[in-house]
Amino acid sequence: AWIDQIWSLALGVVAVLLFSVNLGGVALRDWDEGTVAQVAREISQGESGALSWLYPTIWGVPYLNKPMLVHWLIALAYQVFGESEFSARLPGMLLTALSVPLLYGVGRELFLRRTPAVFAALVYLTFLPVVRHGRLAMLDGAILCFFLLLIYCLLRTRRDLRWGLGVGIAFALLCLTKGIVALPLAAIALLFIALDTPRLLRSGYVWV
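A short tour of the structure in this document, coming up. (Residues numbered from 1 in each chain as written. Predicted model: local features only at pLDDT ≥ 70, side-chain atom pairs only at ≥ 80, totals over all residues. Heavy atoms only, no water.)

**Regarding the layout of surface pockets**
In this approach the atoms are scanned with a rolling probe the size of a water molecule, which exposes any empty space left behind. The computed volume of the largest pocket comes to approximately 290 Å³. Along its surface, the largest pocket is lined by 14 residues, and Asp4, Ser8, Gly105, Tyr152 and Arg156 are the ones closest to its centre. Take the lining of the largest pocket: its biggest share by element is 7 residues, from helix H4 (residues 85-110). Per-class residue counts for the lining of the largest pocket are 6 nonpolar, 3 polar and 5 charged. (1 Å grid on protein atoms, 1.4 Å probe; cavity = no way out; pocket = protein on both sides within 12 Å on 5 of 7 lines; lining within 4 Å. Points joined across faces, edges and corners; volume = space filled by probe spheres on them. Helix = DSSP H or I, 4+ residues; strand = E, 2+ residues; numbered from the N terminus. Nonpolar A, V, L, I, M, F, W, Y, C, P; charged D, E, K, R; others polar.)

**Description of the nonpolar core**
With 56 residues, the main nonpolar core has Phe19, Ile74, Val100, Phe146, Leu150 and Leu174 as its most contacted residues. In terms of residue count, the dominant contributor to this core is helix H7 (residues 140-157) (12 residues). For Ile74, the contacting residues outside a window of four places in its chain are Val36, Ala40, Ser87, Ala88, Pro91 and Ala137. (Core = buried A, V, L, I, M, F, W, Y, C linked by side-chain atoms within 4.5 Å. Buried < 20%, exposed > 50% of the residue type's maximum accessible area, 1.4 Å probe, protein only. Contact = heavy atoms within 4.5 Å.)

**Let's talk about the packing of helix H2 (residues 32-45) against helix H3 (residues 69-81)**
Running from N to C, H2 and H3 point in directions that differ by 60 degrees, and their axes come no closer than 8 Å. When the axes of H2 and H3 are compared, the pair comes out oblique. The element H2 and its partner H3 pack so that their crossing is right-handed. Residue-level contacts link Val36, Ala37, Val39, Ala40, Arg41, Ile43 and Ser44 of H2 to His71, Trp72, Ile74, Ala75, Tyr78 and Gln79 of H3. Class assignment for the residues of the contact of H2 with H3 results in 9 nonpolar, 3 polar and 1 charged. (Axes fitted to C-alpha atoms, helices over the stretch in contact; angles between N-to-C directions. Parallel < 35°, antiparallel > 145°, perpendicular 65-115°, else oblique. Left-handed = near helix turned anticlockwise from the far one by under 90°.)

**Quick notes on a nonpolar patch on the surface**
A cluster of nonpolar side chains, namely Leu161, Leu165, Tyr205 and Val208, defines an oily patch on the protein surface of about 370 Å² accessible area. Mapped onto the elements, Leu165 comes out in helix H8 (residues 164-178). Assessed through its relative accessible area of 36%, Leu165 is described here as partly exposed. (Patch = residues over 30% accessible without salt bridge, like charges linked within 9 Å, V, L, I, M, F, W, Y side chains within 5 Å. Areas by Shrake-Rupley, 256 points an atom, 1.4 Å probe, with all protein chains shown as cover. Salt bridge = Lys/Arg side-chain N within 4 Å of Asp/Glu carboxyl O.)

**Details of the side chain of Ser99**
Examined against the element boundaries, Ser99 turns out to sit in helix H4. What makes Ser99 buried here is its relative accessible area of 0%. Once you skip the residues sitting within four places of it in the chain, Ser99 turns out to touch Tyr124, Leu144, Cys145 and Leu148.

**Quick word on the environment of Leu73**
Here Leu73 is to be found in helix H3. Exposure remark for Leu73: the relative accessible area of 29% places this residue in the partly exposed category. In this structure the C-alpha to C-alpha distance between Leu73 and Ala40, which are 33 residues apart in sequence, comes to 8.2 Å. Every residue in contact with Leu73, bar those within four places of it in the chain, is listed here: Pro91 and Leu95.

**Quick look at the environment of Met68**
Here Met68 is to be found in the loop between strand E2 (61-62) and H3. Sequence-wise, Met68 and Leu54 are 14 residues apart; in three dimensions their C-alpha atoms are separated by 8.3 Å. The contact partners of Met68, leaving out residues within four places of it in the chain, are Val39, Ile43, Pro56, Tyr63 and Leu176.

**Regarding H8**
Taking 1.5 Å per residue as the helical rise, H8 with its 15 residues ought to reach 21 Å, and the 22 Å between its terminal C-alpha atoms agrees with that figure. Along its buried surface, H8 packs onto H3, H7, helix H9 (182-196) and helix H10 (204-207). Looking at the residues trailing H8, positive phi occurs at Gly179, about 55 degrees. (Expected span 1.5 Å × (residues − 1).)

**Overview of the packing of helix H1 (residues 2-19) against H4**
Remark: H1 packs on H4, axes separated minimally by 8 Å, with the N-to-C direction vectors making an angle of 150 degrees. The orientation of H1 relative to H4 falls into the category roughly antiparallel. Every pair of crossing elements has a handedness; the one defined by H1 and H4 is right-handed. Counted together, Asp4, Trp7, Ser8, Leu11, Gly12, Ala15, Val16 and Phe19 of H1 and Met93, Leu94, Thr96, Ala97, Val100, Pro101, Tyr104 and Arg108 of H4 form the full contact between these two elements. Across the contact of H1 with H4, the residue classes break down as 11 nonpolar, 3 polar and 2 charged.

Just distances and angles here, no functional claims.
Rendered as structure tokens:
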């Protein structure tokens, strides 16, 4: 309904405004933010040559600790906005802000009334761990966003099997963000399917 589109847009705009306040006003936090930002910096500057986007380094040493999706996004932000605390935190902030209307969408799929979805999104929007860690140059905001995207697509799949493709895309994004963490999150989704809508386990869209 059009009212849901207005709520989603309003929640997304408010989330961006709230999460962007003084985004670059504080130095990067050791040790997580510093590591992610430095890897993205070396990707952006091509420290290891033309293949630095595929073979990232940190201080010239191969970086094999985490998948590269968030680092790629930060490197792109560096190239557009220059190297700063603001550009390092911008991708994570935007993904965290996107997770707010996604949570509203999940609430609309679960509850008959709109009120629980609105209040759930507002509580999430002002929840201190989300506001704090979602603004940092870390992986937390991306994981929240992609997992909520997975759940939202999964719930929509019950009415339209084509949304099963979105489930797979969200799972792939989780894998590209933090690797093995995607497996227990996918297990939660599969358990939900098995208990709630077992017929989805036979859907070609879901498995594709």
